[in-house]
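Here's the letter readout for the chains.
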Amino acid sequence: MLDFYQGKRVFVTGHTGFKGSWLCKMLHLAGAEVTGYALPPAEQSLYNLIGMEQQMSSIQGDIRDLDFLWRAFDTAQPEIVFHLAAQPIVRESYRDPVGTYSTNVMGTVHILECVRRSDSVKSFLNVTTDKVYENHRWPWGYRETDRLNGFDPYANSKSCSELVTDSYRNSFFSDGHVAVSTARAGNVIGGGDFAADRIIPDCIRAVQSGVSIQVRNPYSVRPYQHVLEPLSAYLLIAQRQYEDSSLSGSYNVGPNSRDCLTTGELAELFCKAWGAPARWEHTGDNGPHEDAVLRLDSSKISSVLGWKPRWNAERAVQETVLWTKAWLNGQDINDCLEQQITGFLTQQI
């Protein structure tokens, strides 16, 4: 898969974030010419820890600034574009709905407008979320044909981002000269995620502080997966539609059904992988609404592109703990990152 990207000009929005850093590392290992566009990274970030800025062309800018984005885009002349820039936290979307919508909706308009103006782009992928669907708490997974209508401002803004992408695809790229897709991924975990209000980073902060892990919603079901799972799917989608634009569309990217776990089960896996004295407790939650059950049906990407998950939830947690302990012990985390990427990509499906 990575061989395809050697020498390709690739533009990544949101490259300083958790998923963006992992993606750019994979592209760098593949020999791609990577340009990133994003806000400055947080002081404690995977991007800074692995020195990603020295391995690619990095431009600091706001996705809401169309003029500046276009200048960066036009200079890069990308063939392939991955759009990851977003405000990704549900609780933050309640605190700042206007900022969430302006980033997640107009940011998508802006990057697609750059693609529309460009003569170089052949493949565009908008990374959204499993939360774009109208949630009915079904015991089965949502399919790409189900209705889009996320409940909270974050989820809803991502539903809007999907509609924007579909409109641009129909209005400006229907002849196939640019292949345009969206990828709706489940909840990701992995080494180097320091975000607030995410279960695994919260677990790590708790054990570092010597306190029990506080789990707000232990019975909420989510499609948890290692970050390398969706990233491998993103790379595959962008490659295959580059080669055949008829493959453009929308793709769910989630784990097998047995890895749709409750948050409590995930916390238990973390405690098992970390070892004593890691422990968790249910604290209750008076926070804003979050969907109680969420599953994805990923049969489309499996049947159309041949993608399948490689690591189950237990392995995903183990690899996350392995990376985190390497970081805490002062080991070479770049080497750990590269070993995990290589091990994942060579795993038999």
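All figures in this text were calculated on a predicted structure; none of them were measured in a lab.

What counts, and where the lines are drawn
Residues numbered from 1 in each chain as written. Predicted model: local features only at pLDDT ≥ 70, side-chain atom pairs only at ≥ 80, totals over all residues. Heavy atoms only, no water. Helix = DSSP H or I, 4+ residues; strand = E, 2+ residues; numbered from the N terminus. Contact = heavy atoms within 4.5 Å. Pairing = 2+ DSSP bridges. Axes fitted to C-alpha atoms, helices over the stretch in contact; angles between N-to-C directions. Buried < 20%, exposed > 50% of the residue type's maximum accessible area, 1.4 Å probe, protein only. Salt bridge = Lys/Arg side-chain N within 4 Å of Asp/Glu carboxyl O. Parallel < 35°, antiparallel > 145°, perpendicular 65-115°, else oblique. Left-handed = near helix turned anticlockwise from the far one by under 90°. Nonpolar A, V, L, I, M, F, W, Y, C, P; charged D, E, K, R; others polar. Phe/Tyr/Trp six-rings, centres within 6.5 Å; stacked < 30°, edge-to-face > 60°. Lys NZ or Arg CZ within 6 Å of the ring centre and 35° of its normal. Core = buried A, V, L, I, M, F, W, Y, C linked by side-chain atoms within 4.5 Å.

## Focus: the environment of Arg143
Relative to the assigned elements, Arg143 resides in the loop between strand S5 (123-127) and helix H6 (153-172). Linking Arg143 and Asn252, residues 109 residues apart in sequence, is a C-alpha distance of 7.3 Å. Excluding anything up to four places from it in sequence, Arg143 contacts Tyr133, Asn252 and Asp297.

## Some remarks on the environment of Gly141
Here Gly141 lies in the loop between S5 and H6. Among residues more than four places away in sequence, those in contact with Gly141 are Arg295, Leu296 and Asp297.

## Examining the sheet that holds strand S4 (residues 80-83)
Overall, parallel pairing links the seven strands, which are arranged S3-S2-S1-S4-S5-S6-S11 in an open sheet. Single-partner strands in this sheet number two, and they are strand S3 (57-60) and strand S11 (250-253). Strand-to-strand twist in this sheet, taken as the mean axis angle between neighbours without regard to direction, amounts to 15 degrees. As judged from the four bridges shared by strand S1 (residues 9-13) and S4, these two strands associate in the parallel manner. When the sheet's bridge partners are listed, Val10 is paired in S4 with Ile80. The strands touched by helix H1 (residues 18-30) are S1, strand S2 (33-38), S4, S5 and strand S6 (179-185); relative to S1, the strand with the most contacts, the crossing angle is about 170 degrees.

## Description of the pairing of S5
Here S5 lies mainly inside the structure; five of its five residues are buried. Of the two faces of S5, the one lined by Ser123, Leu125 and Val127 and the one lined by Phe124 and Asn126 are each fully buried. Pairing of S4 with S5 involves four bridges; the strand directions are parallel. Bridge assignment links Val81 to a residue of S5, and that residue is Phe124. As paired strands, S5 and S6 are joined by five bridges and run parallel to one another. Opposite Asn126, over in S6, you have Thr182 as the bridge partner.

## Some remarks on the pattern of salt bridges
Two side chains that carry opposite charge are able to pair once their charged atoms sit near each other. If you walk through the whole model with that rule in mind, you get 17 salt bridges. Between Arg147 and Glu134 there is a salt bridge; the shortest N-O distance is 3.0 Å. Of the two residues, Arg147 is situated in the loop between S5 and H6 and Glu134 in the loop between S5 and H6; the sequence distance between them amounts to 13 residues. Of the residues examined, Arg147 reaches a relative accessible area of 54% and is grouped as exposed. Between Arg216 and Asp197 there is a salt bridge whose closest N-O contact spans 3.6 Å. One end of the pair, Arg216, is in the loop between strand S8 (213-215) and strand S9 (221-223); the other, Asp197, is in the loop between strand S7 (188-189) and helix H7 (199-209), and 19 residues separate them in sequence. Connected through shared salt-bridge partners, Glu92, Arg95, Asp197 and Arg216 make up one network.

## Focus: the packing of H1 against helix H12 (residues 333-345)
Packed helices, taken two at a time, are described by the angle their axes make and the gap between the axes. Interaxial distance between H1 and H12 falls to 11 Å at its minimum, and their mutual angle equals 75 degrees. In terms of their interaxial angle, H1 and H12 are classed as roughly perpendicular. Contacts from Trp22, Lys25, Met26 and Leu29 of H1 reach H12 at Asn334, Leu337, Glu338, Gln340, Ile341 and Leu345.

## So, the packing of helix H8 (residues 228-243) against H12
One way to put it is that H8 packs onto H12 with a least axis distance of 11 Å and a crossing angle of 65 degrees. By the angle class used here, H8 and H12 are roughly perpendicular. Taken as a pair, H8 and H12 cross one another with a handedness that is right-handed. Each of Leu228, Glu229 and Ser232 in H8 lies in contact with H12, whose residues at this interface are Gln340, Ile341 and Phe344. In the contact of H8 with H12, the residues fall into three nonpolar, two polar and one charged.

## Some words on the packing of aromatic side chains
For the structure shown, the criterion picks out 15 aromatic pairs. An angle of 45 degrees between the planes, with centres 6.0 Å apart, marks the rings of Tyr37 and Phe68 as tilted. One end of the pair, Tyr37, is in strand S2; the other, Phe68, is in helix H3 (residues 66-76), and 31 residues separate them in sequence. Here Phe68 falls in the partly exposed class, since its relative accessible area comes to 29%. A centroid spacing of 6.3 Å and a plane angle of 25 degrees characterise the contact between Trp323 and Trp327, whose relative ring orientation is stacked. Residue Trp323 and its partner Trp327 are located together in helix H11 (residues 313-328), separated by four residues, close to a single helical turn. The rings of Phe11, Tyr37, Phe68, Trp70 and Phe73 are connected pair by pair, giving a single aromatic cluster. A cation over an aromatic ring shows up here: Lys8 above the ring of Phe4, its NZ or CZ 4.2 Å from the ring centre. Lying across the ring of Trp70, Arg117 places its NZ or CZ 5.5 Å from the centre.

## Remarks on the nonpolar core
In this structure, Tyr5, Val12, Trp22, Leu27 and Phe82 are the most contacted members of the largest nonpolar core, which totals 52 residues. With nine residues, the top contributor of residues to this core is H8. The contact partners of Phe82, leaving out residues within four places of it in the chain, are Tyr5, Val10, Phe11, Val12, Thr13, Leu23, Leu27, Leu125, Tyr234, Leu235 and Ala238. Core analysis: the second largest hydrophobic core is formed by 23 residues, Tyr37, Leu112, Val121 and Tyr168 among them.

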